[in-house]
Amino acid sequence: MSSEDANIAFEYVAGTLTAEERREFENRMTDNPELTREVAFWEQHLMAIQPDEARAPQSDTWQRIETAITPNATQQTETTGFSWSTLWQWASPTVAAMVLLFAVIGYNPMQTTAPNTDYIAVLTDTTGKARLTALTTADDKRMWLKWESDYAINPETNVQLWAISKRDGQTRPLGVFSSTDVAQVELDQTRWRLVTDAEYLLLTEEEEGGSAIDEPSEVILAKGFCVRFSSAERDS
Amino acid sequence: MNQELNARDEELITLLSRCAIRDQKALKALFERVGAYMNAVIYRIVLSDEVANEVLQDAFLQIWQNAASYRSDLAKPLTWMTSIARYRALDRKDKEQRYSQNIPTAKDESLLENIEDERTPEKEFSSKHLDQPILDCLGALNDNISRCIQMAYIHGYSREELAEKFNTKTNTVKSWLHRGSERLKECLQNKMQWTTS
């Protein structure tokens, strides 16, 4: 890192850059991990000189924050494009595929030791044909993907995997794939929690790079319920 | 940056993770735990309760929106949240001073004394939990440079305000900051090396 960059990173954290300089530096930081690390270094160390003081916020501050983050219920329904009634058409084939998978991999509900796999979803299309099996492993935060051999992604598009939360019904992205060669995906803490919170996973067809608006397209390729194998709470 | 996380950090990280999956209760819990601490950080820069609360609101909205991008390997959770609050406070101070003069300048030092010294649980999250090699390293700097860095970081003094305060030129302040950062970094790296060897 040049000494000029190092100086600007320090001034950014110290707070002596002008607003314009700050914006410009923040833009540069987005694709420069070295600058990000330099800033993190100073933020962590200088934090120790902040005085130990508290000042109670005004009584309505939280209410204003809450109002700002509470989504419009109508809009939510429109944007997720999902209703529980339509889910049932996917449920039966998914369960059937799951039973088949359990038989194949030898799942034993009486097993006393935790198996390596703790979350699994078999994603099937509307005909009940399995397209993708997603497993998360207990030993590392990783998702293993088994694409069906006869399944190919349209070369002009990508497919995107989504988690639908059982907590709030929201749809959130897990990953974008351009080919079925991808056999595993590293799950960071956030995506790990999305999996553990998921009611089911969804696979959609999207433009290259994935959905630009972070919402699944209407071209749903497969869906599958997320089932927990082991009883160990890894995400608490 | 290797981070040693204590139970409080873990709790904040869990709350941030829940914010990432849009759990509003988690954001409220964060607000209850660190809101007053962050409000004090903001107030020291903007010197107005009304503006501080608006900035605090903006900061929590940004925390909500960006919770998924928090990386525990880069920053402790309170540091990450406090940094968001500070940068928004600095933006607001710049904006207000440029357009409406609603915020007193940092020269009004009587206002700097008006921070309540409340003993609250929020303090458990603050600097006393951190190793503080920075204090030793600041102490080893020239007094003007050390004060300059602290006034900028804690009270949001701009280069121009520091120059006026120290009765010197803006370029001199800039030079102090750069020289100070180089010496601080060298000192901090030596101390970290000493600790790990």
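Residues numbered from 1 in each chain as written. Chains lettered and ligands numbered in written order. Predicted model: local features only at pLDDT ≥ 70, side-chain atom pairs only at ≥ 80, totals over all residues. Heavy atoms only, no water.

(A) Here's a closer look at the overall build of chain B. Within chain B one finds 9 helices and 0 strands. Taken from N to C terminus, the helices and strands of chain B fall in the order α-α-α-α-α-α-α-α-α. Each of the 197 residues in chain B was classed as buried or not, and the buried ones make up 55%. Residue pairs in contact within chain B that sit at least 24 positions apart in sequence constitute 66% of those at least 6 positions apart. Total accessible area computed for chain B in this model is approximately 9,300 Å², and 44% of it derives from carbon and sulfur atoms. (Helix = DSSP H or I, 4+ residues; strand = E, 2+ residues; numbered from the N terminus. Buried < 20%, exposed > 50% of the residue type's maximum accessible area, 1.4 Å probe, protein only. Contact = heavy atoms within 4.5 Å. Areas by Shrake-Rupley, 256 points an atom, 1.4 Å probe, with all protein chains shown as cover.)

(B) Representation of the packing of aromatic side chains within the structure. Inspection of every chain in the model, using the stated rule, returns 9 aromatic pairs over all chains. Each ring, one from Phe10(A) and one from Trp42(A), has its centre 4.8 Å from the other, and the planes form 75°; the classification is edge-to-face. Highlighted residues: Phe10(A) in helix α1 (residues 3–14) and Trp42(A) in helix α3 (residues 33–46), separated in sequence by 32 residues. By relative accessible area, which is 0% here, Phe10(A) ends up buried. The buried category is assigned to Trp42(A), whose relative accessible area is 1%. A centroid spacing of 5.1 Å and a plane angle of 70° characterise the contact between Phe31(B) and Phe60(B), whose relative ring orientation is edge-to-face. Of this pair, Phe31(B) sits in helix α2 (residues 24–46) while Phe60(B) sits in helix α3 (residues 49–66); the two residues are 29 residues apart in sequence, bridging distant segments of the chain. A relative accessible area of 11% means that Phe31(B) is categorised as buried. Clustering of aromatic rings is evident, with ring pairs tying together Phe10(A), Phe41(A) and Trp42(A). Above the plane of the ring of Phe41(A) lies Lys185(B), whose end atom (NZ or CZ) is 5.3 Å from the centre. (Phe/Tyr/Trp six-rings, centres within 6.5 Å; stacked < 30°, edge-to-face > 60°. Lys NZ or Arg CZ within 6 Å of the ring centre and 35° of its normal.)

(C) Structural detail: the pattern of salt bridges. For the structure on display, the rule yields 24 salt bridges over all chains. Measuring nitrogen to oxygen at the nearest pair gives 2.8 Å for the salt bridge that ties Glu26(A) to Arg23(A). You can see Glu26(A) and its partner Arg23(A) sitting in helix α2 (residues 19–29), 3 residues apart, about one turn around the helix. Its relative accessible area of 18% is what places Glu26(A) among the buried residues. By relative accessible area, which is 34% here, Arg23(A) ends up partly exposed. In this structure, Lys185(B) engages Glu38(A) in a salt bridge whose closest nitrogen and oxygen atoms are separated by 2.6 Å. Linking Lys185(B) in helix α9 (residues 170–196) with Glu38(A) in helix α3, this pair reaches from one chain into another. One network of salt bridges, in which partners are shared, links Arg22(A), Arg23(A), Glu26(A), Arg88(B), Asp91(B) and Asp94(B). (Salt bridge = Lys/Arg side-chain N within 4 Å of Asp/Glu carboxyl O.)

(D) Region of interest: the environment of Met151(B). Along the chain, Met151(B) falls in helix α7 (residues 143–155). Excluding anything up to four places from it in sequence, Met151(B) contacts Gly156(B), Tyr157(B), Leu162(B), Lys165(B) and Phe166(B).

(E) Structural context of the packing of α1(A) against α3(A). All names here are of chain A. The interhelical angle for the contact between α1 and α3, taken along N-to-C directions, is 45°, at an axis separation of 9 Å. In terms of orientation, α1 and α3 fall into the oblique class. Crossing handedness for the pair α1 and α3: right-handed. Along its contact with α1, which presents Asp 5, Ala 6, Ala 9, Phe 10, Tyr 12 and Val 13, the element α3 presents Leu 35, Glu 38, Val 39, Trp 42, Glu 43 and Leu 46. Classifying every residue of the contact of α1 with α3 gives 9 nonpolar, no polar and 3 charged. (Axes fitted to C-alpha atoms, helices over the stretch in contact; angles between N-to-C directions. Parallel < 35°, antiparallel > 145°, perpendicular 65-115°, else oblique. Left-handed = near helix turned anticlockwise from the far one by under 90°. Nonpolar A, V, L, I, M, F, W, Y, C, P; charged D, E, K, R; others polar.)

(F) Geometry of the confidence of the model for chain A. Residue and element names in this part refer to chain A. Summing up the model confidence of chain A, the mean pLDDT is 76 and the portion of residues at 70 or higher is 75%. Contacts for the low-pLDDT stretch residues 73–116, under 50 throughout, to residues beyond four places or in other chains number 51 contacts. Confidence over residues 230–236 falls short of pLDDT 50; this stretch has 16 contacts with residues more than four positions distant or in other chains. (pLDDT = per-residue confidence, 0-100.)

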